[in-house]
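If you want the building blocks of each chain, they are given just below.
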Amino acid sequence: MSEPLRIGILGAARISGASLIGPARATGHRVVAVAARDRSRAEAYAAEHGVERVAGSYTELIADPEVEVVYNPLANGLHGPWNLAALAAGKHVLSEKPSASNAEEAAEVREAAAKAGTVFMEAFHYLFHPVTRRLHEVLASGEIGELRHVEAMVAIQAPPDSDPRWSLPLAGGAVMDLGCYSLHALRMLAPWAGGAPRLVSARGGERSENSEMGVPPDGVRGRAGAPGVDEWLDADLAFPGGATGSARCHMAYDRLEMSCRIIGSRGEVLAPNFVLPHTDDRVVVRTGDGERTERLGTRSSYTYQLEAFADGVRGGAPLPPDADDAVATMTLIDAAYRAAGFEPRPRVS
């Protein structure tokens, strides 16, 4: 193995245990520092997870010469500002998605990454797992014929009302938290679809005090509990080669659903949970010859991601979800918001 990465974590987010600390432990990389708004919280986090030391602030962590990689799992609205700060300090950055609050800010992050000459990657971890790779392999092989339609749905039960994902100033919303996966998954089919998809239409609904579970009936909106924040959004897309796509998300659904179904002229391939494939590693292929289920392994997609990121930092290996890709995704997110009657997410002032 090459020299371990020396990683610093911004914030004491619960997700970091699964998304970064566990994978770092599994692959031999070091988590050298963590910082949080509350130092005592950072100290407790460091003690729980075996982080080497605590930095007094985000700024102090970014300035630490021993920290070469900054992992940013902060609230969505804080991705852009702290990604920019880390890049300005010459650090490599692994940013939770989305990389910024809107496309304009994502473009600034891209420019900062180019100026820094360091590695920037948006953490679309699903892309590195064998489940997603197998979806692409089946499509590329011609087994299901030419691409005709793709459906991606990412939905969860509602987080608490106090969750920052319901905060407009912190760039919350269903598309930012969930729909970015659906849209990104469709964008990744461009090699077999004649190019990248374009948005055709979108519709969505605000977070409501009397929200219904499941997909709301057309035209029904309750009293806004989080004005301007999307509880659900459905987007229709079209590819240059003639295929169509549906990218859906819902942040107050009656169950967890994270499926991707690719339909071809001779069959289809389905991943029941493409976002968290380590919890359901099935890929189901259906053609005129019958149906089969393949199992691709329950090793964490986050571990595959950290390995790929380390290869990019240490060996210069190309990383698909780079800063250019992040701008393309945010441009599509902004377009979906506008088409559904929302404004793109504001930057943190």
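Summary of the structure given here. In this text the structure is predicted, and so the values were computed from the model without any measurement. (Residues numbered from 1 in each chain as written. Predicted model: local features only at pLDDT ≥ 70, side-chain atom pairs only at ≥ 80, totals over all residues. Heavy atoms only, no water.)

A few words on the packing of aromatic side chains. Going through the model one piece at a time under the given rule, you end up with six aromatic pairs. Centroid distance Tyr 58 to Trp 82: 5.2 Å. Interplanar angle 85 degrees. Geometry classified as edge-to-face. Taken together, the positions of Tyr 58 in helix α3 (residues 58-63) and Trp 82 in helix α4 (residues 79-88) put the pair 24 residues apart, joining distant regions of the chain. Of the residues examined, Tyr 58 reaches a relative accessible area of 11% and is grouped as buried. Taking 6.1 Å as the distance between ring centres and 75 degrees as the angle between the ring planes, the aromatic pair formed by Tyr 126 and Tyr 181 counts as edge-to-face. You can see Tyr 126 sitting in the loop between β6 (120-122) and α6 (130-141) and its partner Tyr 181 sitting in helix α7 (residues 174-187), a full 55 residues away along the chain. Residues Tyr 126 and Tyr 181 agree in their burial class; the two are buried. Each residue in the set Phe 124, Tyr 126, Tyr 181 and Phe 274 is aromatic and connected to the rest through ring pairs, giving one cluster. (Phe/Tyr/Trp six-rings, centres within 6.5 Å; stacked < 30°, edge-to-face > 60°. Helix = DSSP H or I, 4+ residues; strand = E, 2+ residues; numbered from the N terminus. Buried < 20%, exposed > 50% of the residue type's maximum accessible area, 1.4 Å probe, protein only.)

The next point concerns the sheet that holds strand β5 (residues 92-95). Reading across the sheet, the six strands line up as β3-β2-β1-β4-β5-β6 and stay open at both edges, with parallel pairing between neighbours. Each of the sheet's edge strands pairs with one partner strand only, and the pair in question is β3 (53-54) and β6. Sheet analysis places β5 next to β6, joined by three bridges and oriented parallel. In the sheet register, Val 93 faces β6, and the bridge partner there is Phe 120. In the packing of helix α1 (residues 16-27) onto the sheet, contacts are made with β1 (6-10), β2 (30-35), β4 (69-72) and β5, and the angle to β1 comes to roughly 165 degrees. (Pairing = 2+ DSSP bridges. Contact = heavy atoms within 4.5 Å. Axes fitted to C-alpha atoms, helices over the stretch in contact; angles between N-to-C directions.)

For strand β10 (residues 244-250), the tally of buried residues reaches five of seven residues, placing the bulk of the element in the interior. Summarising the sheet, strand β7 (residues 147-155) and β10 pair through seven bridges and their orientation is parallel. Bridge pairing in β10 links Glu 151 to Ser 246.

Purely spatial values, then, with no claim about function.
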